[in-house]
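Report on the structure
Now for the letters of each chain:
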Amino acid sequence: MKKVALTGAAGQLGTVLRRALLARGVNLRSAAGSKPLTPIVDGEDVMHGDLRERAVVDRLLEGVDVLIHMAGTSVERPLPEIIENNLRGLVEVYEGARRHGVKRILFASSNHAIGMYPVEEKLTLDCAFRPDGFYGLSKAWGESLARLYWDKHGIETVCVRIGSCVPEPTEFRHLSTWLGHDDLMQLVDRVINVPEIGFAIVWGVSNNTRSYWVQEGANNDAERLGYLPQQNAEDYAGEILKKENPLDTVAQRYQGGGFASIDFTPPEARGKHGE
Ligand code: 15L
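Residues numbered from 1 in each chain as written. Predicted model: local features only at pLDDT ≥ 70, side-chain atom pairs only at ≥ 80, totals over all residues. Heavy atoms only, no water.

What follows concerns the sheet that holds strand S5 (residues 104-110). Taken in spatial order, the 7 strands make up an open sheet running S3-S2-S1-S4-S5-S6-S7, and their pairing is parallel. The two strands at the open ends of the sheet, each matched to only one other strand, are strand S3 (45-48) and strand S7 (199-204). If you compare each strand with its neighbour and ignore which way they point, the axes differ by 20 degrees on average. (Pairing = 2+ DSSP bridges. Helix = DSSP H or I, 4+ residues; strand = E, 2+ residues; numbered from the N terminus. Axes fitted to C-alpha atoms, helices over the stretch in contact; angles between N-to-C directions.)

In structure tokens form, the structure reads like this:
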């Protein structure tokens, strides 16, 4: 039976994944960051530690076939923090994967790698990156790092550009960006079980009628993976459309939503010297 490791197990999505994978009988090792995890089943394989430390990564990846890598900073933060967690930490993890012969990694990428595209555009998987901040930039960098480790070291990666993974869509933007938990589980299940995948990129999004993202291009990776999302945010449209859109005017224009309006220079202020 394959051994699967999960990082970021105490995070929002990590918590969902840990419970669901254990319930499916996956042979799982769950890793948190600073605080120990309390086992939720007898004899659960849990650990915690800083992934920038080689010994922690060795403990994480010993005997592992597939790594579901959810750890890292998941929102816009000052650059030094992003560099430590999402760049340095990621290199340590991939170097560990080399040492331990890990076959495959699910890299939790994000829609914020392309967040500065206008909401009117439909994107295929081979669109150019247009990050909406340092966080999105770190995900673009992470996808390139994953490509490097496939081309040069034969470690497979599925980069999942996660949209808005919440139990239910609650606001207008989610009608396009929602990834339901059932579809998230289908994605993770495919990554664990597909026989061969090489390097792949997929949109981590449900089958939303108003999706910004089309699962085409990049060698038809979603098809090769066998990802067929079943959930659709449109089922919640009635309720959502009754509510006011909570995003400001800049956030409403870009696919990255609220991340796009953080530290945004309005057109009328561009090209001016600071006061
Ligand atoms: C992300 O990448 C974030 O981690 C999450 O908190 C949400 O903001 C999500 O994107 C989103 O775009 O809705």
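The next point concerns the environment of Ser 206. Assignment of secondary structure puts Ser 206 in the loop between S7 and helix H7 (221-225). Residue classification places Ser 206 among the buried residues on the basis of a relative accessible area of 4%. Separated by 41 residues in sequence, Ser 206 and Cys 165 have C-alpha atoms that sit 9.3 Å apart. Non-local contacts of Ser 206, meaning those with residues more than four positions away in its chain, are made with Trp 178, Leu 179, Gly 180, Asp 183, Tyr 227, Pro 229 and Gln 231. (Buried < 20%, exposed > 50% of the residue type's maximum accessible area, 1.4 Å probe, protein only. Contact = heavy atoms within 4.5 Å.)

Centre distance and the angle of the planes are the two values used to describe a pair of aromatic rings. Inspection of the entire model under this criterion finds 6 aromatic pairs. When the centroid spacing of 5.8 Å and the interplanar angle of 40 degrees are considered together, the rings of Tyr 135 and Phe 259 count as tilted. One end of the pair, Tyr 135, is in helix H4 (residues 134-153); the other, Phe 259, is in helix H10 (residues 258-261), with 124 residues separating them in the sequence. Owing to a relative accessible area of 6%, Tyr 135 belongs among the buried residues under this scheme. Summarising the aromatic geometry, the rings of Tyr 254 and Phe 264 are spaced 6.0 Å apart at their centres and angled 50 degrees between planes, so their arrangement reads as tilted. Taken as a pair, Tyr 254 in the loop between helix H9 (249-253) and H10 and Phe 264 in the segment after H10 lie far apart in primary sequence, 10 residues in all. Phe 264 carries the same exposure label as Tyr 254, and that label is buried. An aromatic cluster is built from Trp 203, Tyr 212 and Trp 213, whose rings are joined through pairwise contacts. Of note, Arg 161 hangs over the ring of Trp 203, and the distance from its end group to the ring centre comes to 5.1 Å. Above the face of the Phe 264 ring, Arg 270 is positioned so that its terminal group lies 5.1 Å from the ring centre. (Phe/Tyr/Trp six-rings, centres within 6.5 Å; stacked < 30°, edge-to-face > 60°. Lys NZ or Arg CZ within 6 Å of the ring centre and 35° of its normal.)

This brings us to the environment of Ile 40. Along the chain, Ile 40 falls in the loop between strand S2 (27-32) and S3. Placed 23 residues apart in sequence, Ile 40 and Gly 63 show a C-alpha to C-alpha distance of 22 Å. The contacts of Ile 40, once residues within four sequence positions are left out, are Arg 18, Arg 19 and Leu 22.

Burial runs high along S5: 7 of the 7 residues are buried. Note: strand S4 (residues 66-69) against S5, 4 bridges, orientation parallel. Paired with Ile 68 across the bridge in S5 is Leu 106. Between S4 and its parallel partner S5, the chain crosses via helix H3 (residues 79-100), and the hand of that crossover is right-handed. In the classification by handedness, the crossover that spans S5, the intervening H4 and the parallel strand S6 (residues 156-162) is right-handed. (Right-handed = clockwise from strand over helix to strand, strands pointing away.)

Every residue near the ligand is listed here: Ser 74, Ser 110, Asn 111, His 112, Tyr 135, Gly 163, Ser 164, Arg 173 and Phe 259. One nitrogen or oxygen atom from the side chain of Tyr 135 is found 2.7 Å from an oxygen atom belonging to the ligand. Taking Arg 173, its side chain carries an N or O atom lying 2.9 Å from an oxygen atom of the ligand. Here the ligand has 320 Å² of accessible area as a free molecule, and 74% of this is covered by the chains. Counted by class, the shell around the ligand contains 2 nonpolar, 6 polar and 1 charged residues. (Near = heavy atom within 4 Å. Polar contact = N/O pair within 3.5 Å; in protein donor to acceptor, adjacent residues only side chain to side chain. Areas by Shrake-Rupley, 256 points an atom, 1.4 Å probe, with all protein chains shown as cover. Nonpolar A, V, L, I, M, F, W, Y, C, P; charged D, E, K, R; others polar.)

In total, this model carries 18 salt bridges according to the counting rule given. Between Glu 156 and Lys 103 there is a salt bridge whose closest N-O contact spans 3.9 Å. You can see Glu 156 sitting in strand S6 and its partner Lys 103 sitting in the loop between H3 and S5, a full 53 residues away along the chain. Lys 103 is the salt-bridge partner of Glu 196, the closest N and O atoms lying 3.4 Å from each other. (Salt bridge = Lys/Arg side-chain N within 4 Å of Asp/Glu carboxyl O.)

By themselves, these observations are geometric and do not establish any function.
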